[in-house]
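Close look at the chain arrangement
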Amino acid sequence: MDYKKSGVDIEAGYRSVELMKDAVKATMRPEVLGGLGGFSGAFSLEKIKEMEEPILLSGTDGCGTKVKLAFILDKHDTIGIDAVAMCVNDVVCAGGEPLFFLDYIACGKNYPEKIATIVGGVAEGCKQSECALIGGETAEHPGLMPVDEYDLAGFAVGVVDKKDLITGENIKPGDTLIGIASSGVHSNGFSLVRSVFRMTEESLNTYYDSLGKTLGEALLAPTKIYVKTMKSIKNAGVKVKGCSHITGGGFYENIPRMLPEGINAVVKKDSYEIPEIFKMLQKDGDIAEQMMYNTFNMGIGLVLAVDPKDVDTTMEAVKAAGETPYIIGSCEAGEKGVTLC
């Protein structure tokens, strides 16, 4: 008996590392010290000294049961983008710049090419967010997980100067709410999604004219990364008052997280066109509207609160970053929470 016969293939792990090296190297920043394969990732904080009062930010998350779709379609090249997005978008909600990311893959069996493809997606997410992939771990769990399945999670560390920290404390009645379009379902609500649609290869490969793509393509569309968008807004001279990443819990749970006491966010449902995938979900699943807005992003991945005088500048900065903004509502005096009308 040896380790390989018990289900853990160390050589496959070495092969995975070799296959992913080029993708990981492509994410490097000047602050990264050392190479791939050490016991820890080293990142110089020399540039942070230029800040008046630097504050470290962190975020950790995974892709949830969205990975089930990747298993069914045997498509693993974008799920890593989701893992990065879920973490770095939380960091930018506080006004931070993501510095580095680490991933963790747990699998029933290490198939080197598959693991390298997953990490290639992680590296792509890191490139989109201009942060370095400085380490990670792939763990084989024979007997605990099926051999063809895996779970993916990670965490990001970022930094912000205290004067640029977005806290929401200065949001006032009359401030404008700007929503930035999502790419679809992103990485939340997939337990409900999988209850609505048949999770078979045939069903997911079915093309829908209303979607302009297959169901699987619509559902696996990677989560938008808003790092460059927030940088564009900051570089335009706008001080964002509040920022909310619309993840699990949808509008009702996430928007209040950026609000101070005594402020109610009023969101106009007709202020933008809800993407077709959400209409299909609601109709096919017979899901109540309140549940839709309490589960999914409904086409809005990020919500900003800005001073009315900054609205035009913010809208242009978002467009300049290649994203689509909408004026979706405003802030009013009232009980802390969200009103959809």
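Heads up: the structure comes first, above all this text.
In this report, the structure presented in the accompanying data block is examined. Just so it is clear, the structure is predicted and the values come from calculations on it, not from any experiment.

Rules behind the numbers
- Residues numbered from 1 in each chain as written.
- Predicted model: local features only at pLDDT ≥ 70, side-chain atom pairs only at ≥ 80, totals over all residues.
- Heavy atoms only, no water.
- Pairing = 2+ DSSP bridges.
- Helix = DSSP H or I, 4+ residues; strand = E, 2+ residues; numbered from the N terminus.
- Axes fitted to C-alpha atoms, helices over the stretch in contact; angles between N-to-C directions.
- Contact = heavy atoms within 4.5 Å.
- Phe/Tyr/Trp six-rings, centres within 6.5 Å; stacked < 30°, edge-to-face > 60°.
- Buried < 20%, exposed > 50% of the residue type's maximum accessible area, 1.4 Å probe, protein only.

Some details on the sheet that holds strand β6 (residues 150-161)
- As summarised here, the arrangement of the four strands in space is β3-β6-β4-β5, forming an open sheet in which the pairing is mixed. Each of the sheet's edge strands pairs with one partner strand only, and the pair in question is β3 (54-62) and β5 (132-140). Within this sheet the neighbouring strands show an average axis-to-axis angle of 15°, counted without direction.
- Bridge count for strand β4 (residues 97-107) against β6 is 10 bridges, and the pairing is antiparallel. Residue pairing across strands places P98 opposite G158, the latter belonging to β6.
- Running at roughly 30° to β6, helix α3 (residues 79-92) makes contact with β3, β4 and β6 of the sheet.

Observations regarding the packing of aromatic side chains
- In the structure shown here, the tally under the stated rule is five aromatic pairs.
- Measuring from ring centre to ring centre gives 4.9 Å for F71 and Y150, while their planes differ by 75°; the resulting arrangement is edge-to-face. Here Y150 lies in strand β6 and F71 lies in helix α2 (residues 67-73), a separation of 79 residues in the sequence.
- On the basis of relative accessible area, Y150 is assigned to the buried category, the value being 3%.

Digging into the environment of C243
- For C243, the location among the structural elements is in strand β10 (residues 242-245).
- For the pair formed by C243 and D164, sequence separation is 79 residues and the distance between their alpha carbons is 13 Å.

Re the pairing of strand β11 (residues 263-267)
- Within β11, five of the five residues are buried, leaving the element largely enclosed by the surrounding structure.
- Across the two faces of β11 the burial is the same, with I263, A265 and V267 and N264 and V266 all buried.
- Note that β11 and strand β14 (residues 337-340) share four bridges and pair parallel. Opposite A265, over in β14, you have V338 as the bridge partner.

Treat this as a map of the structure, not an account of what it does.
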